[in-house]
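# Residue-level structure breakdown
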Amino acid sequence: MERPARVLVVEDSEPILESVTAALTGVGHDVLARADGGRLEADLGAFVPDVVVLDVMLPGRDGYALLPAVRATSAAVILLTARSGVAERVRGLRAGADDYLVKPFALAELIARVEALLRRSGGVGDALTVADLVVDPDAGLVTRAGVPVPVTATELRLLHDLVAHRGRVRSKSQLLAAVWGWEEYDLNVVEVHVSALRRKLGEPRLIHTVRGQGYVVRDDGAPDAGAG
């Protein structure tokens, strides 16, 4: 990325906000820090962030209420949450977050996750087709039977990877490494995004589960070899 990456940080804890801002600025990013989401829509339009680091527990509108506005842009989203339960993390991913960190977290890990998302925001390859599905990462477009399918940046990368390997099973670990840049992480990340893609793509199903192995894109109409 030729210009410094723009990172919008929305966090109501002043110590966390200051430390995150200093850490991201220290590695060369352009950071806009906010203690609440009251100006979010204006900031999204004026600052045009590449990544939004968004706290879940905010005064006024919380992180979940703010997510739709961010999702309407091309920015990636990392949620910060004090709740470590699986249900809470899955809720954030289903709401449209690309990644999440549980407090307390190491600043080095936050920087690494921001930069992993930035690396993957520059495009993932040429347009691919399977059956009536077209995945065009350069245009940021997915269509099925000629109808646009709204997907997030992370869903686009995931779908492109699966279609690029059509007919071959991709394990969750392989998908984590290719799409998120992490070889060892919570596998719920992959499961939730695959589930979201299936809902959006509709029937007949193209992304199939192979029990104990992972996911595969096929257009033969065969049933899944396992649940999910």
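Keep in mind the model is a prediction, meaning the values are calculated, not measured. (Residues numbered from 1 in each chain as written. Predicted model: local features only at pLDDT ≥ 70, side-chain atom pairs only at ≥ 80, totals over all residues. Heavy atoms only, no water.)

## Some words on the pairing of strand S3 (residues 51-55)
Across the 5 residues of S3, 5 count as buried, placing the element largely inside the fold. Judged by which residues are buried, S3 turns out to be covered on both faces: Val-51, Val-53 and Asp-55 on one side and Val-52 and Leu-54 on the other are all buried. Across 4 bridges, the pairing between strand S1 (residues 6-10) and S3 is parallel. Within S3, the residue paired with Val-9 across the bridge is Val-53. In terms of strand pairing, S3 meets strand S4 (residues 76-81) through 5 bridges, oriented parallel. If you follow Leu-54 over to S4, its bridge partner there is Leu-79. Remark: the S3/helix H3 (residues 63-71)/S4 crossover connection has right-handed handedness. (Buried < 20%, exposed > 50% of the residue type's maximum accessible area, 1.4 Å probe, protein only. Helix = DSSP H or I, 4+ residues; strand = E, 2+ residues; numbered from the N terminus. Pairing = 2+ DSSP bridges. Right-handed = clockwise from strand over helix to strand, strands pointing away.)

## A few points about the sheet that holds strand S5 (residues 99-102)
The strand order across the open sheet formed by 5 strands is S2-S1-S3-S4-S5, and the pairing between neighbours is parallel. For this open sheet the edge positions go to strand S2 (30-34) and S5, each flanked by a neighbour on one side alone. Recorded for the sheet is a direction-independent mean angle of 15 degrees between the axes of neighbouring strands. Two strands pair when backbone bridges link them, and S4 and S5 are joined in this way by 4 bridges, in the parallel orientation. Paired with Thr-81 across the bridge in S5 is Val-102. (Axes fitted to C-alpha atoms, helices over the stretch in contact; angles between N-to-C directions.)

## As for the packing of helix H4 (residues 86-94) against helix H8 (residues 188-201)
One can describe the packing of H4 onto H8 by two numbers: an axis separation of 9 Å at closest approach and a directional angle of 40 degrees. Relative to H8, H4 is oriented oblique. Crossing of H4 over H8 shows right-handed handedness. Facing Val-86, Val-90, Leu-93 and Arg-94 of H4, the residues of H8 in contact are Asn-188, Val-189, Val-192 and His-193. Here the contact of H4 with H8 is composed, by residue class, of 5 nonpolar, 2 polar and 1 charged. (Parallel < 35°, antiparallel > 145°, perpendicular 65-115°, else oblique. Left-handed = near helix turned anticlockwise from the far one by under 90°. Contact = heavy atoms within 4.5 Å. Nonpolar A, V, L, I, M, F, W, Y, C, P; charged D, E, K, R; others polar.)

## A short note on H4
For H4, the complete set of buried residues consists of Glu-88, Arg-89, Val-90, Gly-92 and Leu-93. On its buried side, H4 packs onto H3, S4, S5 and H8.

## Notes on the sheet that holds strand S8 (residues 141-144)
Read from one edge of the open sheet, 4 strands run S6-S7-S8-S9, paired in antiparallel fashion. Among the strands making up the open sheet, the edge pair consists of strand S6 (128-130) and strand S9 (147-148). Most of the contacts of helix H6 (residues 153-164) go to strand S7 (residues 133-136), to which it runs at about 120 degrees, and overall it touches S6, S7 and S8.

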